[in-house]
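What follows is the residue order along each chain.
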There are 4 protein chains.
Amino acid sequence: MRKEPIFDVAQLAHVEMYSPKPDETLWFFKELLGMEESHREGQSVYLRAYEDFYHHTLKITEAKEAGLGHVAWRATSQQALERRVSAIKETGLGKGWFEGEVGQGAAYQFTTPDGHNMELLWEVDYYKAPPELRTPLLNRPQKKPTRGVPVRRLDHVNLMNSEMKPNVDFMLNTLGFNLREHIQLKDGNDVAAWMSVSPLVHDIAMMGDPLGGMGRMHHICYWYGYPQHLMDISDLFVENGIKIEAGPGKHGVTQAYFLYVIEPGGNRVELFGDAGYLIFDPDWKPITWREEDLEKAIIWYGSQLPQEFFQYGTPIIGDKKTAPIG
Amino acid sequence: MRKEPIFDVAQLAHVEMYSPKPDETLWFFKELLGMEESHREGQSVYLRAYEDFYHHTLKITEAKEAGLGHVAWRATSQQALERRVSAIKETGLGKGWFEGEVGQGAAYQFTTPDGHNMELLWEVDYYKAPPELRTPLLNRPQKKPTRGVPVRRLDHVNLMNSEMKPNVDFMLNTLGFNLREHIQLKDGNDVAAWMSVSPLVHDIAMMGDPLGGMGRMHHICYWYGYPQHLMDISDLFVENGIKIEAGPGKHGVTQAYFLYVIEPGGNRVELFGDAGYLIFDPDWKPITWREEDLEKAIIWYGSQLPQEFFQYGTPIIGDKKTAPIG
Amino acid sequence: MRKEPIFDVAQLAHVEMYSPKPDETLWFFKELLGMEESHREGQSVYLRAYEDFYHHTLKITEAKEAGLGHVAWRATSQQALERRVSAIKETGLGKGWFEGEVGQGAAYQFTTPDGHNMELLWEVDYYKAPPELRTPLLNRPQKKPTRGVPVRRLDHVNLMNSEMKPNVDFMLNTLGFNLREHIQLKDGNDVAAWMSVSPLVHDIAMMGDPLGGMGRMHHICYWYGYPQHLMDISDLFVENGIKIEAGPGKHGVTQAYFLYVIEPGGNRVELFGDAGYLIFDPDWKPITWREEDLEKAIIWYGSQLPQEFFQYGTPIIGDKKTAPIG
Amino acid sequence: MRKEPIFDVAQLAHVEMYSPKPDETLWFFKELLGMEESHREGQSVYLRAYEDFYHHTLKITEAKEAGLGHVAWRATSQQALERRVSAIKETGLGKGWFEGEVGQGAAYQFTTPDGHNMELLWEVDYYKAPPELRTPLLNRPQKKPTRGVPVRRLDHVNLMNSEMKPNVDFMLNTLGFNLREHIQLKDGNDVAAWMSVSPLVHDIAMMGDPLGGMGRMHHICYWYGYPQHLMDISDLFVENGIKIEAGPGKHGVTQAYFLYVIEPGGNRVELFGDAGYLIFDPDWKPITWREEDLEKAIIWYGSQLPQEFFQYGTPIIGDKKTAPIG
């Protein structure tokens, strides 16, 4: 009999991102993407999209370089948290418990084999709208903002890896993610993998870092769900000096209707313009895209990806060729 | 410490629906909704949407009256199936194992307290496209049909109940569903409840039957995911003699962008035109809509629901007032 | 040989609207509909949508009662203006030339037989964006605003009439409009008529006033062109206290995807969510909707119109039953 | 006083296109674009979109090579037709009257200076739907087809020219078109011009032929009006072997949301996915895009155009480099 799946990690809770230009980064997320500020403390500002239920889903921290601060996952229960902490400890990648962060309870910190900082937690604070932001739409945590083209919720994170296999294995075996799709080269190695604990095709994606960097971030993604909103935000990006790297276009992998931009601090941000497809099958066989399938895998239709897409990540490394267009 | 959630039921697998006019019902699902026929046997025809991965998600069976045949749920594993069968047996609502249905392995049959037929299964057959229907989009089981406005996948089922509480409790406690939203009257009783095992706001909804019927079906729902498709299919419905009961419009509850029609056999079918919102929170507190919230709960904006919406179900009972408009 | 058509009136240039609550009316047009203020003078504020090329398309004037100030039409040339002025003078409805209005040259003022104030002009001032609002999209007069869900341009005006025939005849014969569609009762009289000088199905509509008022306005309409924007603005309306009277829905007449709201000053405003259909045929035969066609004429699909829609106009007359819902 | 505009040409009436693979070309237009066949005669098949009011808007004629048969324009009246025929005769480009074509009255044939065949006519036959195709939507000539993703109406034609100036001047001065937008090189010469007699930004576009061909066609365009339909038809194109050359994407020039494909006969076809913007201003000053504006002129956002887009036309000339991708 097949071993039962692990249901211990529930969802992507939040991402911390570093920015060398925090004011401009905040302008981008608040004025163009319509996000809301929950809190400021030290060099950090906490943000959430208007359909995010928790205290924050994005923490912007001032730093010398762009890049990933950490990725936080929420467990499905206190017991599940403890089980996963035990599993992480066994890998030697655990760093220990951390308390005192605003908006959440104790979190267990660890890294991926490639060195990306992560944490796992159970207790979270729920966002509570002040009276003027309360909406009669009781399943929406606050009124829809009237600024920019407001994103709805955090969707996923994409991390670059110096080596794919140990990192993917860590996500699958230690944290209990499911492999949904992957791109496999002729030599049998993966160059990209999409994994999830939810029916989303990916809560996290991992891709190889052709520059050999360790622990770099490729992008974070916020969700719109409606294709028109990618057209609407594209208008605002072009007219407000934000370089669109690629999109709107449709990936074959994940069926995501995508738009990629570089926020003023240098990090890549994806906006997701439809629902993609959802995986409810509890016995899902990963979709394998091979080299001969790559063209359709990467772009099903619409805007192509530039070469920089496959090399540029944060922190920025290498020569100028890896910088995004413009 | 909070008891851990049950993860034993994975998804809605298929629905069997009775039709007194099977040819017209098939025309509706195949020519207007673009569904594909997988198999015919006896008085039944098996259908699937082009993004449904299994052998079928809809079984149309000829019968004297419209109504629900049964609802099939897929377990998350063989072990999970066995655990739930034990739990069902304890309620006295179990009917026993059934083998020999096309497209699936053994299924355990049971009823809700109100008498709706259901089954739980683990083994399913996957749809395999013939060469002419294979698509380079490897995560899509077949090419998109060029007939009608094709629905993408089965979404949920809505059942009417003579009494709400025992039926909702059965879904929550025996099968492990989560209560996502509910409408509560001043007397504390629910008149409607939306429940899911997935991040969808509902894999199943239950509503009171004001005519006191038992085991009736309110509707099944197929998913488009794009608002435009509700406009497109509305055009086809109006011009091809299918009465639109309500929509397009947006519910407050579930945030679904909806369209309701009566198929030629008499059953109500919903088409879902966006992604609604998804619930990833493993500790979700149900949204309670009270009488004073009802107006926005039912219609957030757009098309209103006629009175018949709250009374008409299949099989049809009562006098003509319960029949859908037109 | 058929008499040649008149091409002397080119377009709807602007509308002046009265508001007893000018601050709230301005908030509605600027913060929710994203319109831009061009000028203030006396009790009037001049506004335009971001794709309107002229100085203004809406003039809000403080007044004791809501209602129409005037409708301004632009001629196709100076010569065309003079020809139409002669024709208007022959009807006895001319009031004379008016100079000194901001944003335009001399305008010839007149009324419809029902008493709606109108003017015809040739010279207009073009909007010139300040440096910070200039866009590289050279065919767009300014950057797209980041407030609300910005409307794109003025579309049409709809006027109520105590008597249809003399008013429609005036538009057709004296000004050279084309009758595109009309609703005809069994007695042969029209209750509504849609007329245009452009390929739009209507630059102006006229409908009977069942309360017998004279010179009332039914609504003005601004254009989005994208269906999603009606969903987006509906969200903002519901959450910001603006009553949606009807929509989103699709009219049979004009094929307009519509949304009707009452702005805080009391005037009805329509938002147009698609392109409708365009009439390029120079020999167009008017579409006649008869009583038996009315259901589909009024609503092709989607949200129904409440009874108030056919009675409420500005200035408000009659008892409370004519007031919009809520 | 400014000279008055000419209003003698009303609209693009139809286009004749040559195909060396007429069966495959018909399959493309009928099964994927949902067009309707009106008539067959000799080597020609006559088609129309479901919102085209006349007998046909596309005539497919079997020929050895792909390319333009002719472009037909409808005059605004019989008198207007005669005035334009006189003007054409003065240029020496007239060929004479032609009668006997199905679906229309007498047409005056002529060529552009570059040799593109054109005709001007007044009398047209209107399409009359058979009973089974009649729709209660009285302003729609027939029911919406249930095949493919049906286009709504003919939109415009784009012709390549060995020399721009004489051809653009002919359209403007002899036929009375208005120049709406143009791309001007540093030497003051235009490489592309968009012209119309209607508020559409272009009923016809002309662009230079870098291969020096004469009388070639760049593309014909059919209109959807809704962005989603470009996503929908893209799916069908990719899965049914039709190469998407570019799109979906948004042009700066014309603000068209575009998709370009090569139909099986070799001709380029554009699908137009929104309303673009409309020009009602009777005194429109052409938008001039200079070399420094070109990037945004060509692509405002979304899919880029490949190099072939600027060279490939029909009939095909030159070496393989001019062939479309794939």
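Owing to the predicted nature of the structure, the values given are computational and were not obtained by experimental measurement. (Residues numbered from 1 in each chain as written. Chains lettered and ligands numbered in written order. Predicted model: local features only at pLDDT ≥ 70, side-chain atom pairs only at ≥ 80, totals over all residues. Heavy atoms only, no water.)

Considering helix H2 (residues 78-91) of chain B
Residue and element names in this part refer to chain B.
- With 14 residues, H2 extends 20 Å between its outermost C-alpha atoms, agreeing within 8% with the 20 Å of an ideal straight helix rising 1.5 Å per residue.
- For H2, every residue scored as buried is listed here: Gln79, Ala80, Leu81, Arg84, Val85, Ala87 and Ile88.
- Buried residues in H2 make contact with strand E1 (9-19), strand E5 (67-75), strand E6 (94-98), strand E7 (107-111), strand E8 (117-121) and helix H3 (164-174).
- Trailing H2 by a residue or two, glycine 92 shows a phi angle of about 80°, which is positive. (Helix = DSSP H or I, 4+ residues; strand = E, 2+ residues; numbered from the N terminus. Expected span 1.5 Å × (residues − 1). Buried < 20%, exposed > 50% of the residue type's maximum accessible area, 1.4 Å probe, protein only. Contact = heavy atoms within 4.5 Å.)

A short note on the relation of the copies chain C and chain D
- Of the two same-sequence chains, chain C is brought onto chain D (RMSD 0.0 Å, axial shift 0.0 Å) by a rotation of 180°. The superposition of one copy onto the other is thereby described by a two-fold rotation axis. Across chain C, the rotation axis passes nearest the C-alpha of C:Ala275, at a separation of 3.0 Å.
- A share of 100% of the interface residues of chain C reappears at the interface of chain D, consistent with the copies meeting face to face through the same patch. (Least-squares fit on C-alpha atoms with pLDDT ≥ 70 in both.)

What to know about the sheet that holds strand E9 (residues 153-161) of chain A
All names here are of chain A.
- Strand order in the open sheet formed by 10 strands is E17-E10-E11-E12-E9-E13-E16-E15-E14-E18, with mixed pairing between adjacent strands. Every other strand in the sheet has two partners, leaving strand E17 (287-290) and strand E18 (301-302) as the edge strands with one partner each.
- Where strand E10 (residues 178-184) lies against strand E11 (residues 190-196), 6 bridges are found, and the strand directions are antiparallel. Of the residues in E11, the one forming a bridge with glutamine 184 is aspartate 190. (Pairing = 2+ DSSP bridges.)

Quick word on the interface of chain C and chain D
- Between chain C and chain D, the contact holds 58 residues from the first and 59 residues from the second.
- Between chain C and chain D, roughly 4700 Å² of surface is buried when both sides are summed, and carbon and sulfur atoms account for 63% of that area.
- Together, C:Leu138, C:Asn139 and C:Phe280 form the three largest contributors to the area buried by chain C at its contact with chain D, with a combined 14%.
- Counting across the chain C and chain D interface gives 4 salt bridges.
- We note a salt bridge from C:Asp281 to D:Arg74, for which the minimum N-O separation is 2.6 Å.
- Linking chain C with chain D are 26 residue pairs in polar contact (both at pLDDT 80 or more), by the criterion used here.
- At 5 residues, helix H2 (residues 78-91) of chain C tops the list of elements feeding residues into the side of chain C that touches chain D.
- Here the residues of the side of chain C that touches chain D are counted per class, giving 28 nonpolar, 13 polar and 17 charged. (Buried area = accessible area lost by both parts, 1.4 Å probe. Salt bridge = Lys/Arg side-chain N within 4 Å of Asp/Glu carboxyl O. Polar contact = N/O pair within 3.5 Å; in protein donor to acceptor, adjacent residues only side chain to side chain. Nonpolar A, V, L, I, M, F, W, Y, C, P; charged D, E, K, R; others polar.)

Structural notes on the sheet that holds strand E1 (residues 9-19) of chain A
Residue and element names in this part refer to chain A.
- Taken in spatial order, the 8 strands line up as E2-E3-E4-E1-E5-E8-E7-E6 in an open sheet, and their pairing is mixed. With partners counted over all chains shown, the strands left at the sheet margins are strand E2 (36-41) and strand E6 (94-98), one partner each. Pairs of neighbouring strands in the sheet enclose a mean axial angle of 25°, with direction left out of account.
- Both strand E5 (residues 67-75) and strand E8 (residues 117-121) contribute to a ladder of 4 bridges, which runs parallel. Paired with alanine 72 across the two strands is glutamate 119, which belongs to E8.
- Contacting E1, E2, strand E3 (44-48) and strand E4 (58-62), helix H1 (residues 22-32) crosses the sheet at an angle of about 160° to E4. (Axes fitted to C-alpha atoms, helices over the stretch in contact; angles between N-to-C directions.)

Looking at the UniProt feature "domain: VOC" (unreviewed entry) in chain A
Residues and elements named next belong to chain A.
- Mapped onto this structure's residue numbering, the UniProt feature "domain: VOC" (unreviewed entry) falls at residues 11-123 and 153-274.
- Helix makes up 22% of residues 11-123 and strand 43%, and the two end C-alpha atoms of the span are 13 Å apart.
- The straight-line gap between the two end C-alpha atoms of residues 153-274 is 13 Å; of that span, 20% is helix and 43% is strand. (UniProt positions renumbered as here; feature names shortened; annotations may be inferred.)

Some thoughts on the relation of the copies chain A and chain C
- Once chain A is rotated about the relating axis by 180° and shifted along it by 0.0 Å, it coincides with chain C to within an RMSD of 0.0 Å.
- In this assembly, 100% of the residues forming the interface of chain A have copies in chain C that are likewise at the interface, indicating an isologous arrangement.

A closer look at helix H4 (residues 227-239) of chain A
All names here are of chain A.
- For H4, which comprises 13 residues, the first-to-last C-alpha distance of 19 Å matches the rise-based estimate of 18 Å (1.5 Å per residue) to within 8%.
- For H4, the tally of buried residues reaches 13 of 13 residues, placing the bulk of the element in the interior.
- At the C-terminal side of H4, glycine 241 shows a positive phi close to 80°.

With respect to the interface of chain A and chain C
- Residue-level contacts link 19 residues of chain A with 19 residues of chain C.
- Contact between chain A and chain C buries roughly 1700 Å² in total, counting both sides, with carbon and sulfur atoms accounting for 44%.
- Viewed at the interface, chain C and chain A are joined by 8 salt bridges.
- Salt-bridge contacts for C:Lys144 lead to A:Asp235; the nearest nitrogen and oxygen are separated by 3.8 Å.

Re the pairing of strand E12 (residues 204-208) of chain D
Residue and element names in this part refer to chain D.
- Within E12, 4 of the 5 residues are buried, which leaves it mostly tucked inside the rest of the structure.
- Examined bridge by bridge, strand E9 (residues 153-161) and E12 share 5 bridges and lie parallel to one another. Within E12, the position partnered with asparagine 161 by the bridge is glycine 208.
- For strand E11 (residues 190-196) and E12, the ladder comprises 4 bridges, and the chain directions are antiparallel.

A closer look at the environment of B:Ala205
All names here are of chain B.
- Position of alanine 205 relative to the elements: it lies in strand E12 (residues 204-208).
- Assessed through its relative accessible area of 1%, alanine 205 is described here as buried.
- When the C-alpha atoms of alanine 205 and histidine 182 are compared, they prove to be 9.4 Å apart, with 23 residues separating the residues in sequence.
- Setting aside chain neighbours within four positions, we find alanine 205 in contact with Val157, Asn158, Leu159, Ala193 and Trp194.

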